[in-house]
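So the chains spell out like this:
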Amino acid sequence: MKKVQAYFLLCCLFLSIQLVAQSYQKTNLGIKTSTQSMTVEIQFYSPTIVRVLKNPERVSTTKKSLSVIKMPEKTDLNITDDGKEVAISSKLIKVFYNLTTGKVSYSDLKGNNLFTEKDYGTQFTPTLDVKKESFTVRQAFLLDKEEAIYGLGEQQNGKLQQRGQRIVLKNDNMKVCFPYFLSSKGFGVFWDNYSSTVFTDNVQETSMESLGDCSDYYFMYGGSGNGVVAQMRDLTGQAPMFPLWAYGYWQSKERYKIQQELMDVVAKYRELKVPLDGIIQDWQYWGKDSLWNQMAWDPITYPDPKGMADFVHKNKAHLMVVAWPGFGPLTKQYKELMAKKMMIDFDTWPPKSGVKPYDVYNPAARDIYWNYLNKGVFSVGVDAWWLDSSEPDHINIKEADFDQPTFLGSYRSVVNAFPLEHVGGIYDHQRATTSDKRVCILTRSAFVGQQRYGANTWSGDIQSTWEMLGKQIPAALNFSLGGVPYWNADIGGFFAGRWVKDGGANNPEFRELYVRWLQFATFTPMMRSHGTDIPREIYNFGKPGVWSYDALEKNINLRYSLLPYIYSTAWEVTSKSASIMYAFPLMFEGDPKVRDINDEFMFGRSILVAPVVKSMYTGKKEGKVFEDFSHTGSREVYLPKGADWVDFWTGEKLHGGQSFTKETPINIIPLYVKQGTILPWGPKVQYAEEKKWDNLEIRIYPGADGEFSLYEDENDNYNYEKGLYSTISMKWDNRLKTLTIGERKGSFEGMLKTRRFNFVLVQKGNDSGVQTGGTSKTIVYKGKSVSIRF
């Protein structure tokens, strides 16, 4: 009898194992199973990108991502199970699924743990989304105690690392939210949800919580921080090239009130011979608030908008014009969109105006929007768009506002995707209208994937303070490592009213802040001066010979000298998923000291930037009269290990892995160049395309091997997408002191077939950034490979 019972129990055990083993099914992408009253799918989009999709049983969901555009690759998988856990292996990672608790975890092929969900870590709490049955969805994970994470978009909290916080991720003016983080262990997680999301990290867990019908996230293993950024681009889209002129200097203010005022600014820059590539027309060129954003020009203040655009172009500059997502009640757009039920019924800027936003989620509404914008604004010769309030502004907020219907569901369920859909609509329509002019968009908000729409996000209407200047650095870096590389801020901060009473632009304290801000902006993807209360044009800060004017002019000229480097870096962004601004942890992963350095960064792969973000003003107030500015000060600088460095201004060679005090007179921002860098140096110009790069100086910073690829194309169309561009590779062999210039690859109309390169082996410099005392050699380059020995 006992033998029979034992046999029976053994059979039951075997049968239960078989049932568990068969409780999942293999799919073309991975597996599908049911656990803990959930349907779970694990889908491999590539050998290193895994989607985990969970929804309550008997709840059918069909989801088309707004952010993810990648189609799953055919990926070879090996799927095994031991009755308790399913293991799914690609050629690069393993994913484990616990058949009892529903936990998903990840490791590399050597068995090193990368990331894990918590056991029973997925929760669906029923809730009503207006009248639709939905859920509050929560997914909990576990991180290592010492693990660092970065990302979450642009948070104005002054932090580089984002551990130990609870943040409501909802887009707002001065706050751009990505439900995404990147780990110091070389992976990233994107929570693909468009409602407001609560991110929590504490000692117990890390979690995302949102309104939705499913738990949907992507795990990306890049092996490094930069590898994760590349995976995000692969998943959500590559960033197109901006025109060359977009990387020059932009002047703006809140606001030019008549067309002659705008034209006079351009003319004054040309008279002063200070470089300028862009001028920006802010709001109310359309007239009164009831006609807000009517996409037509007020005949009194802007009687000849085409003439204005022609004047700007004749002076070799470019015109950017603002457009908003809301329409005044007397506009044609408001009436048409309201009649077609394509407006979202809540109040947006300006107050007490009756302005309401259009339904950006509706393709037909986006068609209507572009039709008016194209006929009324683009047709006069506008070169670029300023899409303000793209969160959008939401005033007189009521909970019922979020119940408002949109084409994709309640506004509450898709609120964070507003800028993605709005900006994407402009990009797609302009691309369909013409390929002769690259789309160039400045926007106040963003969401994951927006890099594919030719958009540069600025940090909103920030205060003009030193504290806020300091916060822009980590805000920019966390934004960029989310896969969206183009970012900028108002030079000087937007609200500058605190400085008006003591002289405004004549106040030496404000001048100091503005100079330091512009120095920082020289090393951001877009260099743009803007703000209210105090005009920001360079001539408001003195005249040649005045310390503030000279410091501003020096850095604007420095920006233009770096254009060949910046444009080639931009091509790396487009073609290799690179970045323009790098947080140190992405570049120096072997140096634990850089994990939370929030006031330095890399500009491209070669230039370390340490902005001055604290005042060194020592003047004394006597009524409203100030003594002259004191040109003294210093800041602490850390040079990461893993590279050795050269002081850009002095040529001094320095080892990595050390901290020191750097003197910072008002005309100097601390800059350090990695040894082994090959740095092209552009000609002195008044605008980006004034001179061809037919006589380029190429600076070589010896001490390590290095390489660089000089990129060129037609500057402002999409022919590069057809392969019409050229690259010239340069490699420095430090041991042999030999530079090899490779054979030119590619061609395009107007390409230089013969040019001169003046190679300078940098030994020392001066406070103007002019390299002196080094060995130099000049060659005539005709596209064939050549080597030069120093």
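Below: a short report on this structure. None of these values were measured; they are calculated from a predicted model.

## Regarding the overall build of the protein
- A tally of helices and strands in the protein yields 13 helices and 50 strands.
- For a compact globule of 790 residues, the expected C-alpha radius of gyration is about 28 Å, and the protein comes in at 28 Å, within 12% of that figure.
- Overall, the C-alpha framework of the protein stretches about 105 × 70 × 60 Å when taken along its three principal axes.
- Burial analysis of the protein (790 residues in total) assigns 62% to the buried set.
- A separation of at least 24 residues holds for 70% of the contacts in the protein among residues at least 6 apart in sequence.
- In the form shown here, the protein has an accessible surface area of approximately 30,300 Å², with 51% of it arising from carbon and sulfur atoms.
- Taking the 94 positively charged and 88 negatively charged side chains of the protein as two groups, their mean positions are separated by 3 Å.

## Considerations on the sheet that holds strand β31 (residues 601-603)
- Strands sit in the order β30-β31-β32-β39-β36-β37 across an open sheet of six strands; the sheet is antiparallel. Bordering the open sheet on either side are β30 (581-582) and β37 (653-654), each of which pairs with just one other strand.

## Comments concerning the packing of aromatic side chains
- For the coordinates displayed, the defined rule picks out 62 aromatic pairs.
- Ring plane angle 80° and centroid distance 5.8 Å describe the contact between F124 and F135, whose orientation is recorded as edge-to-face. Of this pair, F124 sits in strand β9 (residues 113-129) while F135 sits in strand β10 (residues 132-142), and the two are eleven residues apart along the sequence.
- Residue class for F124 comes out buried when judged on its relative accessible area of 18%.
- Look at F135 and you get buried, because its relative accessible area is 12%.
- Between W297 and Y302 the ring centres are 5.7 Å apart and the planes differ by 50°, which places this aromatic pair in the tilted class. With respect to class, W297 is no different from Y302; both count as buried.
- Pairwise contacts between aromatic rings join F242, Y247, Y486, Y567, W571, Y711, Y718, Y720 and Y725 into one cluster.

## Quick word on the sheet that holds strand β49 (residues 775-781)
- Reading across from one edge, β40-β41-β46-β49 is the order of the four strands in this open sheet, with mixed pairing throughout. One side of each edge strand has no neighbouring strand; the edge strands of this open sheet are β40 (678-681) and β49. Taken over all neighbouring pairs, the strand axes of this sheet differ in orientation by 25° on average, direction set aside.
- Sheet topology note: the β40/strand β41 (residues 695-700) ladder contains four bridges and is antiparallel. Bridge pairing in β41 links P680 to I698.

## Concerning unusual backbone geometry
- For the peptide bond that leads from W349 to P350, omega is 0°, which places it in the cis range.
- With omega at 5°, the peptide bond leading from E391 into P392 counts as cis.
- Here P392 lies in the loop between β23 (384-387) and β24 (405-406).
- With a phi close to 70°, L152 is a non-glycine residue in the positive phi region.
- For S577, which is not glycine, the phi dihedral falls at a positive 60°.
- Relative to the assigned elements, S577 resides in the loop between α12 (563-576) and β30.
- For S577, a relative accessible area of 11% gives the class buried.

Rules used throughout
- Residues numbered from 1 in each chain as written.
- Predicted model: local features only at pLDDT ≥ 70, side-chain atom pairs only at ≥ 80, totals over all residues.
- Heavy atoms only, no water.
- Helix = DSSP H or I, 4+ residues; strand = E, 2+ residues; numbered from the N terminus.
- Rg over C-alpha atoms; globule rule 2.2 N^0.38 Å.
- Buried < 20%, exposed > 50% of the residue type's maximum accessible area, 1.4 Å probe, protein only.
- Contact = heavy atoms within 4.5 Å.
- Areas by Shrake-Rupley, 256 points an atom, 1.4 Å probe, with all protein chains shown as cover.
- Lys, Arg positive; Asp, Glu negative; His and termini not counted.
- Charge placed at Lys NZ, Arg CZ, Asp CG, Glu CD.
- Pairing = 2+ DSSP bridges.
- Phe/Tyr/Trp six-rings, centres within 6.5 Å; stacked < 30°, edge-to-face > 60°.
- Axes fitted to C-alpha atoms, helices over the stretch in contact; angles between N-to-C directions.

Just distances and angles here, no functional claims.
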